[in-house]
Structure formats: C-alpha cells, structure tokens
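# What the coordinates show
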Amino acid sequence: MVFEKSGKGGRRFFCRKIMNLSTVTLSKTQAGANNGKKQRDAGPELLRIFAMLLIIMSHLAVHGGIKYDSLSVNSAALEMMKTGDIGVDIFILISGYYSIYSSPKLKKGVMLIAETLFYSVLTCLTIGTLSQGRVSGMHLFYSFIPFISDKGNWFIVIYIIMYALMPFINGGLNCLSKRQFFGILMLIFIAGTILPDTFGHVDKLQDYGISKLVWFVFMYSLGAYLRLYPVKLAKKRGLCAVLWVGSALFSMLFRYFYAVVLYNKNGQFGGIKGLIIYFFSDISRPGFMSVVFSVLSLLVFTSLKIKGNKFLFAVSGSTFGIYLIHDSTWVRRFLWDRITPVKFVGEADYFIPAALGVILLIFIICSAIDIIRKNLIEKPLFNSSLYSKAETGFKKLIDKTLKKVGI
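Residues numbered from 1 in each chain as written. Predicted model: local features only at pLDDT ≥ 70, side-chain atom pairs only at ≥ 80, totals over all residues. Heavy atoms only, no water.

So, about the overall build of the protein. When its secondary structure is counted, the protein shows 19 helices and 2 strands. Looking at the protein as a whole, 43% of its 407 residues are labelled buried. Counted over contacts in the protein with a minimum sequence separation of 6, partners at least 24 positions apart contribute 80%. Just so you have it, the protein exposes about 22,000 Å², and 66% of that area is on carbon and sulfur atoms. (Helix = DSSP H or I, 4+ residues; strand = E, 2+ residues; numbered from the N terminus. Buried < 20%, exposed > 50% of the residue type's maximum accessible area, 1.4 Å probe, protein only. Contact = heavy atoms within 4.5 Å. Areas by Shrake-Rupley, 256 points an atom, 1.4 Å probe, with all protein chains shown as cover.)

Time to look at the packing of helix α15 (residues 310-317) against helix α18 (residues 351-382). Running from N to C, α15 and α18 cross one another at 100°; their axes reach a closest spacing of 9 Å. When the interaxial angle is binned, α15 and α18 end up roughly perpendicular. Facing Ala314, Val315 and Gly317 of α15, the residues of α18 in contact are Phe363, Ser367, Asp370, Ile371 and Lys374. Class assignment of the residues belonging to the contact of α15 with α18 gives a composition of 4 nonpolar, 2 polar and 2 charged. (Axes fitted to C-alpha atoms, helices over the stretch in contact; angles between N-to-C directions. Parallel < 35°, antiparallel > 145°, perpendicular 65-115°, else oblique. Nonpolar A, V, L, I, M, F, W, Y, C, P; charged D, E, K, R; others polar.)

Residues Lys178, Lys232, Lys235 and Lys236 make up a contiguous surface patch of positive charge. If you trace the backbone, lysine 232 turns up in the loop between α11 (212-228) and α12 (237-264). (Patch = residues over 30% accessible without salt bridge, like charges linked within 9 Å, V, L, I, M, F, W, Y side chains within 5 Å. Salt bridge = Lys/Arg side-chain N within 4 Å of Asp/Glu carboxyl O. Lys, Arg positive; Asp, Glu negative; His and termini not counted. Charge placed at Lys NZ, Arg CZ, Asp CG, Glu CD.)

Moving on, we come to the pattern of salt bridges. Tallied over the full model, the rule gives 13 salt bridges. Where aspartate 41 meets lysine 305, a salt bridge forms, and the shortest distance between an N and an O atom there is 3.9 Å. Here lysine 305 lies in the loop between α14 (288-302) and α15 and aspartate 41 lies in the loop between α1 (22-28) and α2 (43-63), a separation of 264 residues in the sequence. Residue classification places lysine 305 among the exposed residues on the basis of a relative accessible area of 52%. With a closest N to O distance of 3.1 Å, lysine 395 and glutamate 391 form a salt bridge. On the criterion of helical spacing, the pair formed by lysine 395 and glutamate 391 is a turn pair, its members being 4 residues apart in helix α19 (residues 385-404). Residues joined by salt bridges that share partners form a network here, namely Glu115, Asp370, Arg373, Lys374 and Glu378.

Turning our eyes to something else, we now look at the packing of α2 against helix α17 (residues 329-339). Contact geometry for α2 and α17: axes closest at 11 Å, N-to-C directions at 75°. Between α2 and α17, the interaxial angle falls into the category roughly perpendicular. Contacts between α2 and α17 involve His59, Leu60 and His63 from the first element and Arg332, Arg333 and Trp336 from the second. Here the residues of the contact of α2 with α17 sort into 2 nonpolar, 2 polar and 2 charged.

We now examine a nonpolar patch on the surface. On the surface, Leu106, Val110, Phe394, Ile398, Leu402, Val405 and Ile407 cluster together into a nonpolar patch covering about 590 Å² of accessible area. The biggest single contributor to the nonpolar patch is α19, with 3 residues. One can find leucine 106 in helix α5 (residues 106-130).

A rise of 1.5 Å per residue sets the reference length of α19, with its 20 residues, at 28 Å; its end C-alpha atoms lie 29 Å apart and thus fit the reference within 8%. Where α19 ends, the next residue or the one after it, glycine 406, has phi of about 80°, a positive value. (Expected span 1.5 Å × (residues − 1).)

It is worth spelling out the packing of aromatic side chains at this point. Here the structure, examined in full by the defined rule, presents 31 aromatic pairs. Their ring planes at 85° and their centres at 5.6 Å tell us that phenylalanine 254 and phenylalanine 257 sit as a pair that is edge-to-face. Of this pair, phenylalanine 254 and phenylalanine 257 both sit in helix α12, 3 residues apart, which is roughly one turn of that helix. With a relative accessible area of 11%, phenylalanine 254 lands in the buried category. Put simply, the rings of Phe189, Trp215, Phe218, Phe250, Phe254, Tyr256, Phe257, Phe279, Phe280 and Phe288 touch in pairs and so form one group of aromatic residues. Directly above the ring of tyrosine 97 sits arginine 227, whose terminal nitrogen or CZ lies 5.3 Å from the centroid. (Phe/Tyr/Trp six-rings, centres within 6.5 Å; stacked < 30°, edge-to-face > 60°. Lys NZ or Arg CZ within 6 Å of the ring centre and 35° of its normal.)

Assignment of secondary structure puts leucine 296 in helix α14. Taking the C-alpha atoms as reference points, leucine 296 and leucine 233, 63 residues apart in sequence, are found 9.5 Å from one another. In contact with leucine 296, other than residues within four places in its own chain, are Leu233, Leu243, Trp244 and Ser247.

The next point concerns the nonpolar core. In terms of nonpolar packing, the biggest core is built from 86 residues, with Leu60, Ile92 and Phe155 touching the most fellow members. Excluding its chain neighbours within four sequence positions, the residues that come into contact with leucine 60 are Ile66, Met81, Trp336, Val342, Ala355, Val358 and Ile359. (Core = buried A, V, L, I, M, F, W, Y, C linked by side-chain atoms within 4.5 Å.)

A separate point is α17. By the burial criterion, the buried members of α17 are Val331, Arg332, Phe334, Leu335 and Trp336. Each element contacted by the buried residues of α17 is listed here: α2, α5, α16 (319-326) and α18.

Right, let's get into the confidence of the model for the protein. In low-pLDDT regions, the fine details of the predicted coordinates are not to be read closely. When the pLDDT values of the protein are averaged, the result is 84; 85% of them are 70 or greater. When the elements of the protein are averaged for pLDDT, strand β2 (residues 11-14) gives the smallest value, 37, and α18 the largest, 96. Note on residues 16-38: pLDDT is under 50 here. Beyond four places in sequence and across chains, it has 22 contacts. (pLDDT = per-residue confidence, 0-100.)

Let's shift gears to the environment of isoleucine 210. Relative to the elements of secondary structure, isoleucine 210 occurs in the loop between α10 (204-207) and α11. Among the residues examined, isoleucine 210 registers a relative accessible area of 8% and is labelled buried. The spacing of isoleucine 210 and isoleucine 188 is 22 residues in sequence and 8.3 Å in space, taken between C-alpha atoms.

Let's shift gears to the side chain of serine 303. Relative to the helices and strands, serine 303 is located in the loop between α14 and α15. Reaching out from serine 303, the side chain makes a polar contact with the backbone oxygen of valine 300 at a distance of 2.6 Å. Sequence-distant contacts of serine 303, that is, excluding residues within four places in its chain, are made with Ala234 and Arg237. (Polar contact = N/O pair within 3.5 Å; in protein donor to acceptor, adjacent residues only side chain to side chain.)

See the structure below:
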C-alpha cells in the first residue's frame, strides 16, 4: 500500500498490485503448505461433508412431500431439518477462508460449468428413461442450458459468478484495514439479518435489497476475515466445541418453538415472544443463528489437526457433484416420490431414523457416482494435452480481443 500526495497537499490512499495475490500467498501461508496434499488437514474436508449432509437433510424436509396438520415429535423434527441455508453458508465461508490468498483459475471455472452440464444432460436422459417418459428434443435442449432452465441450480449460478469476481473481491478485501473490514461486515450483517428479522420480514433479502449474490459475497468475506484476522476463540478448542454444540441445541430449541407457533397458532408470530422465536429460529433463510453456527463450525473443524487420506479427500471433493445429482429438476421429484418416498412414513415412530438413513444413503450413492465420473472422465480430459492447448488458445484469443478494443 502507498500514499500519493494530491495537488492540495492532502493524501490519496490506494492499493498497488491489487491483482497480484500470489505474493501474498507465499508470505502468509504456513511453511508446511508447500508439501501439498501431505499437509492437508481432515477438518475442512469433514466440514464440507457435514455441510452437504445438512443440505440433503433440508431437501428431504422441503421436497419430500411430508405434511403435518398438528404438532408432534415428527412435525417438530421436520422443521429442525430445514438446514439448507446453514449448509450453503458453511460452504461459502470455507471458500472465503481458503481462497482469500489465491485467485480463480480458468480450468476450475470450466470444470464447474462442465460438471453442471454433464449432470444436467445425464439426469435428463436417465430419469426420462427410468420413468418411461419420452425425452423430447425440448427437454434435451433445456438440459444443455441448466443455468437458465433449472431453478434448482441457483446455488451453482451464483457461486460461479462469485468465483469469477474473486480476484476483485480478494483485491478489495486485502486493501481494507481491519476496522474497515469489520465495519463493512457488520453493516451487511445488520441489514441482512438483524433488522429484517426484528421486523419479521420473511423475504428479507429482497425487501432490503440484499440479493443472494451479495449474501454469498458477505459469507465469503466473513470467511476471509477469519483467515486474515484469526479470533482468539479459535485457539480454545474445548470452548469452541462447547459453544458449537450449544448453538446447535439453541437453534433446535427455537425451531421447536417455531413449530409450536406454526401448528398451534396458525403461524402468527405476534408480540415480543413471537418476535424472539422468529428471530432465533432461522427457518429456511439466512439469519443470525445460521451465521453464528456456521462460524463456530468453521472454527471447530479447522482446529482438528488430524491428517486426511485419499478416500476422505475424494468424498469431500464429490460434494458439488452430490448437490448436482440429487437436486436437479429431473431427479428431485423422481427421488422423493418414487425412490425414497419418505412422505409415507411421516407419521411413523421410526420416521427420524428412517429420514437420517435416507440422507446418508443419498450421500453415499451420489458420492460414488461423482468419484467414478472424476476418475473416468474429468481427470483424463482436463489433464490432457488437448485441453491444455484449448485453454492456451482461448486465453490468447481473449487477450487479443481485449487489446483490439484498447483494454
């Protein structure tokens, strides 16, 4: 960072070499990082797996077709299972924590897009065949444009946009002082969670002009802040673990209260009591407790100084594929209506263990499919000389085009 004098004797502050983050990487990462995979801890990988399990559990609760007319153990459990936003928050938090010192690579961006297209076409053809329905040309056409036609891909679309913006986000964040960084985070946090929840707006992100992309950038920035300015709490593993478990129990308690209001009082969250329940329940939306639990999850899992193995890394690396497989437009209804119709056991005493078993089974099967895809298709393709030549040619074309227009 440098200061340059202005014509009036004042000083104008600006950042130099905002895009050259590779030098920052060498200076701030731990010395052991150069040893590659041998130095990778299992904690972050376990956290990714944990986050994906939360997302699958939420999809079961939201898309499983389970309906209740009154409060019961099962209906309260169903409300507690709506943890999708927490899982998403954790994923983005991890991205910010580990990507603040790096810059996006074209290869990874292409791989994300290719993986999305692959599963969109594959699930269209597979489910269309299994359901004995005809896959029309229009269906196949839409499968090739999943970013537009498949609303279930909202996460992928926003993530890819954020990934493309990462050099600018990282550059801007690295130029902020600690106080400025903290101030921006608090402003977005208050506008995105505190005020909307206090006034009871369900669609608070839209009401306050905070889109999902802005929320992703916020969670990414929060993860980056925790990496740049480690909190003292992170060094106290025992206390972190206690607070993490406590925040989970606290959230579950208020989600139970939410279920009480939902089924016994027609969902009317009136008065101070209702406001408090609504504020801390965080049902199916980013909220105060979602952020708190996500941060504590990051602190707890990154403090696990245990070494991973190839199997764990493979499973963790398949989480994106698991999301694409089980929540695509084609698979979603077929999965919850025909393969795992949990709605038929919604009133059974064994509903909770059955639901957890289904969640685990979906994770295992989808993970196996994605690991096979990576080894048979992705690695051979993206490690080939053909792809290297294509990427080099594309970069030259972009560079040449930009030069022609004076950029």
